[in-house]
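Summary of structural features
What follows is each chain in one-letter form.
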Amino acid sequence: MGFKCGIVGLPNVGKSTLFNALTQTASAQAANYPFCTIEPNVGEVAVPDVRMKNLAAIAGSKELIPTRLTFVDIAGLVKGASKGEGLGNQFLANIREVDAIAYVLRCFEDGDITHVEGRIDPLADAEIVETELMIADLESLEKRLPALEKKAKGQDKEAKASIELIERALVHLREGRPARFTERTPEEEKAFKGLNLLTSKPVLYVCNVEEEAASTGNSFSKAVQERAAAEGAVAVVISARIEEELAQLDDDERTDYLSELGLEEAGLDRLIRAGYDLLHLITYFTCGPKETRAWTITKGTTAPQAAGVIHTDFEKGFIRAETIAYDDYVSLKGESGAKDAGKMRLEGKEYVVADGDVMHFRFNT
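A brief structural summary.

Thresholds, definitions, all that
- Residues numbered from 1 in each chain as written.
- Predicted model: local features only at pLDDT ≥ 70, side-chain atom pairs only at ≥ 80, totals over all residues.
- Heavy atoms only, no water.
- 1 Å grid on protein atoms, 1.4 Å probe; cavity = no way out; pocket = protein on both sides within 12 Å on 5 of 7 lines; lining within 4 Å.
- Points joined across faces, edges and corners; volume = space filled by probe spheres on them.
- Pairing = 2+ DSSP bridges.
- Helix = DSSP H or I, 4+ residues; strand = E, 2+ residues; numbered from the N terminus.
- Axes fitted to C-alpha atoms, helices over the stretch in contact; angles between N-to-C directions.
- Contact = heavy atoms within 4.5 Å.
- Nonpolar A, V, L, I, M, F, W, Y, C, P; charged D, E, K, R; others polar.
- Phe/Tyr/Trp six-rings, centres within 6.5 Å; stacked < 30°, edge-to-face > 60°.
- Lys NZ or Arg CZ within 6 Å of the ring centre and 35° of its normal.
- Salt bridge = Lys/Arg side-chain N within 4 Å of Asp/Glu carboxyl O.
- Buried < 20%, exposed > 50% of the residue type's maximum accessible area, 1.4 Å probe, protein only.

Section: empty space enclosed by the protein
This structure, assessed with the given rule, holds one cavity of 30 Å³ or more. Estimated volume of the largest cavity: approximately 50 Å³.

Some words on the sheet that holds strand β7 (residues 234-238)
The mixed open sheet is built from six strands, whose spatial order is β2-β4-β1-β5-β6-β7. Every interior strand has two partners, whereas the edge strands, β2 (41-46) and β7, have only one. Across the sheet, the axes of successive neighbouring strands diverge by a mean angle of 25°, strand direction being ignored. Where strand β6 (residues 203-208) and β7 come together, five bridges link them in parallel fashion. Bridging across to β7, Cys207 finds its partner in Val237. In the packing of helix α1 (residues 15-23) onto the sheet, the strands contacted are β1 (4-8), β2, β4 (68-73), β5 (100-106), β6 and β7, and the crossing angle to β2 comes to about 40°.

Quick notes on the layout of surface pockets
In this structure, the largest pocket occupies an estimated 1,200 Å³ of space. If you go around the largest pocket, you meet 38 residues; those closest to its centre are Val47, Pro48, Asp49, Val50 and Asp269. Counting residues per element, the ones that place at least two in the lining of the largest pocket are α1, β2, α2 (50-59), α9 (251-260), α10 (267-278) and β8 (281-287). The biggest single contributor to the lining of the largest pocket is α10, with six residues. The class makeup of the residues in the lining of the largest pocket is 19 nonpolar, five polar and 14 charged. Empty space within the second largest pocket amounts to approximately 750 Å³. What lines the second largest pocket is a set of 25 residues, and nearest its centre among them are Asp99, Lys193, Ser200, Pro202 and Leu279.

Brief notes about the packing of aromatic side chains
Scanning the entire structure with this criterion turns up four aromatic pairs. Ring centres of Tyr284 and Phe361 lie 5.9 Å apart, and the angle between their planes is 90°; on these two criteria the pair is classed as edge-to-face. In this pair, Tyr284 sits in strand β8 while Phe361 sits in strand β12 (residues 358-363), placing the two residues 77 residues apart along the sequence. Here the aromatic residues Tyr284, Phe318 and Phe361 are joined through ring pairs into a cluster of three or more. Sitting above the plane of the Tyr326 ring, Arg51 keeps its charged end 5.9 Å from the centroid.

Focus: the pattern of salt bridges
Inspection of every chain in the model, using the stated rule, returns 19 salt bridges. Between Arg168 and Glu188 there is a salt bridge, and its shortest N-O distance comes to 2.6 Å. Separated by 20 residues along the polypeptide, Arg168 in helix α5 (residues 157-174) and Glu188 in the loop between α5 and α6 (189-194) bring together distant segments of the chain. For the pair Arg168 and Glu188, one class covers both residues: buried. Measuring nitrogen to oxygen at the nearest pair gives 3.0 Å for the salt bridge that ties Arg227 to Glu231. Of this pair, Arg227 and Glu231 both sit in helix α7 (residues 219-231), four residues apart, which is roughly one turn of that helix.

Listed below in structure tokens is the structure:
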């Protein structure tokens, strides 16, 4: 399990350029006119994790298999998308399928690249995108109410609970706030997700800045970061042009180029880390002579559930998990050293997997 992130924004903000860079492909046509992305482009990237190389070196692994992250480049949105303007209907359908939304916001000035609104204002751009999604959610919920109210009159408890949850969400939407701010209990979370609301998805603000501002940001990106902080959201500063250039370089050249720019890491790494934090994801590893492999799970996942990510039979027949913390595995030079030091633990069905755990599952088929 990785996660699927939809890249959205107004036309000509750098969505396709960023997508091309992130996936190291040219499958999304980046051109200076609206709707150059007609179909959603889907690309996968390996999630970088320096721990893998350390583990593989100790285990003598022949192959490293990182977990993967899916990006979906979705057609540019314009005002009226919720009513079908531009490619609105397609946009809304595609965005329902992703786990999180990355709002790409234009935070640079360039007279050669037109802006569909005729001005550079990333906060206003974010408002346009969010408003169209809220309108679509508002209409979706209001259409559902009559049928639910009819069921509720027949003393349908589930319908009554759904109505109460929907009305809570509608309060926010009618006041111009995204549905993700709806108050709900842990027990209501599944039902809330079942509403499949566009504005219930976690949001990443991606500030696309000029190359000179990649390390420091600029006044536009700072305004976005202030908005994100106020919402409890995350903002990442990236130069899509730099990421595009980095995609063409080998590892040594990338390191030198980043150093010249005053950057410690690529924007992709920051974006993935922000996305992981946003969706509460962690990584565990399996190691051996054949391969070292990374597996992505959600925080709070138990050992049997983690085993099920590898194969459903592992979860069904789970017996125990031989578990070594990453730091112990590295400092004690692998499985044998960890065993000798008493650092290999036998964990049962109730164990909650920690980030970086190196695991070997025992199971019955």
